[in-house]
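A closer look at the structure
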Amino acid sequence: MKTSRILMNFFFLAFFYFIANAFSLTFEAKNNLKGKVTHIETKIYEVKENGEKQLNSIAEYFYQEDNRLIQTKLSNTNNNFSYKDTSIYDNKGNLIEGRTLVGRDTDQTIYEYDSKNRIIEMKKYNSSGELTKMATYTYDDEKSYEVLYKNGGGKSFGIYMYKKGENGQTKEVEYYRN
């Protein structure tokens, strides 16, 4: 809960400073072993009453050539908060693993897909390796599917049912809470 509150406060501050136009944005293309990566850095400043700007936080986003987000880093200049989210994709472009580091704790989320590249399962583990949440995706046809969410103990806590329109976009969502 404390981590969530810190993240919410960080994003609120980022949004506030963005609206106040007290930020700078830099774009940079970097080459690494996996090809060209685009790096976007957002610097968030605190504007003092006298108009002086002081660097408060830095948000960094790293994208692969195909525009897939592979890493997000957030930190403040006091070095008392850090967040890093890393995404790993398979050769078909499916997100297969996500790792979130907040402070010293790393959560891991694993995704599994069927032969049609549709997600069929998501499992989330805490930094101790314990299963904390899972979701199972069931497809009726190409136009509807449902998602069953369970906690780490296997108890269901919600079902989402999705129906797609003719254009393939979701047109209806129903939620059932247990």
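Placed above this text is the structure.
Residues numbered from 1 in each chain as written. Predicted model: local features only at pLDDT ≥ 70, side-chain atom pairs only at ≥ 80, totals over all residues. Heavy atoms only, no water.

1. Digging into the overall build of the chain
Scanning the chain from N- to C-terminus turns up one helix and 12 strands. Of the contacts formed within the chain by residues at least 6 apart in sequence, a portion of 10% connects residues at least 24 apart. Looking at the chain as shown, the accessible area adds up to about 12300 Å², and 48% of this sits on carbon and sulfur atoms. (Helix = DSSP H or I, 4+ residues; strand = E, 2+ residues; numbered from the N terminus. Contact = heavy atoms within 4.5 Å. Areas by Shrake-Rupley, 256 points an atom, 1.4 Å probe, with all protein chains shown as cover.)

2. So, the environment of Y89
Inspection of the secondary structure puts Y89 in strand β5 (residues 82–89). When the C-alpha positions of Y89 and L69 are compared, they lie 9.8 Å apart, and in sequence the two are 20 residues distant. Dropping the residues within four chain positions of it, Y89 is found in contact with Q64, R68, L69, I70, N94, L95 and I96.

3. Some remarks on the nonpolar core
Generally speaking, soluble globular proteins have nonpolar side chains that are buried together. Within the largest apolar cluster, eight residues are counted, these being I119, M122, A135, Y137, Y145, V147, Y149 and Y162. Put simply, the parts of the chain that give this core at least two residues each are β8 (119–125), β9 (131–141) and β10 (144–151). Not counting the four nearest positions on each side in its chain, Y145 is found in contact with Y137, T138, Y139, D140, Y160, M161, Y162 and K164. With five residues, the next largest nonpolar core counts A59, F81, Y83 and V102 among its residues. (Core = buried A, V, L, I, M, F, W, Y, C linked by side-chain atoms within 4.5 Å. Buried < 20%, exposed > 50% of the residue type's maximum accessible area, 1.4 Å probe, protein only.)

4. Quick notes on the pattern of salt bridges
Any two side chains of opposite charge can pair if their charged atoms end up close together. Tallying each qualifying case throughout the model produces five salt bridges. Note that R68 and D66 form a salt bridge whose closest N and O atoms lie 2.2 Å from each other. R68 gets classed as partly exposed once you look at its relative accessible area, which sits at 22%. The exposure class assigned to D66 is partly exposed, which follows from its relative accessible area of 38%. (Salt bridge = Lys/Arg side-chain N within 4 Å of Asp/Glu carboxyl O.)

5. Structural notes on unusual backbone geometry
At N67, a residue that is not glycine, the phi angle is positive and equals roughly 70°. For N67, the position within the fold is in the loop between β3 (53–64) and β4 (69–76). Judged by relative accessible area, which is 63%, N67 ranks as exposed. The phi angle at N117 is positive, at roughly 65°, despite the residue not being glycine.

6. A short note on the environment of V173
Looking at where V173 falls in the secondary structure, it is placed in strand β12 (residues 170–176). Under the relative-accessibility criterion, V173 is labelled partly exposed at 45%. Residues within four places of V173 in sequence aside, it is in contact with Y160, M161 and Y162.

7. Some thoughts on the pairing of β10
Bridging between β9 and β10 involves eight bridges; their strand directions are antiparallel. Among the inter-strand pairings, D141 is bridged to a residue of β10, identified as S144. Counting the residues that bridge the hairpin from β9 to β10 gives two residues. Relative to strand β11 (residues 156–164), β10 runs antiparallel, the two being bridged by seven bridges. Following the sheet pairing, K150 is matched in β11 by S156. Following β10, the chain reverses through four residues before pairing antiparallel with β11; G154 in that reversal takes a positive phi of roughly 95°. (Pairing = 2+ DSSP bridges.)

8. Remarks on the packing of aromatic side chains
Throughout the structure, instances matching the rule amount to four aromatic pairs. Ring geometry for Y139 against Y145: centres 5.2 Å apart, planes inclined by 35°, an arrangement best described as tilted. Ring geometry for Y149 and Y160: centres 5.7 Å apart, planes at 80°, overall edge-to-face. Taken together, the residues span a long stretch of sequence, with Y149 in strand β10 and Y160 in strand β11 at a distance of 11 residues. With a relative accessible area of 28%, Y160 lands in the partly exposed category. The positively charged end of K53 is found above the aromatic ring belonging to Y45, 5.8 Å away from the centroid. (Phe/Tyr/Trp six-rings, centres within 6.5 Å; stacked < 30°, edge-to-face > 60°. Lys NZ or Arg CZ within 6 Å of the ring centre and 35° of its normal.)

These figures come from the coordinates and say nothing about function on their own.
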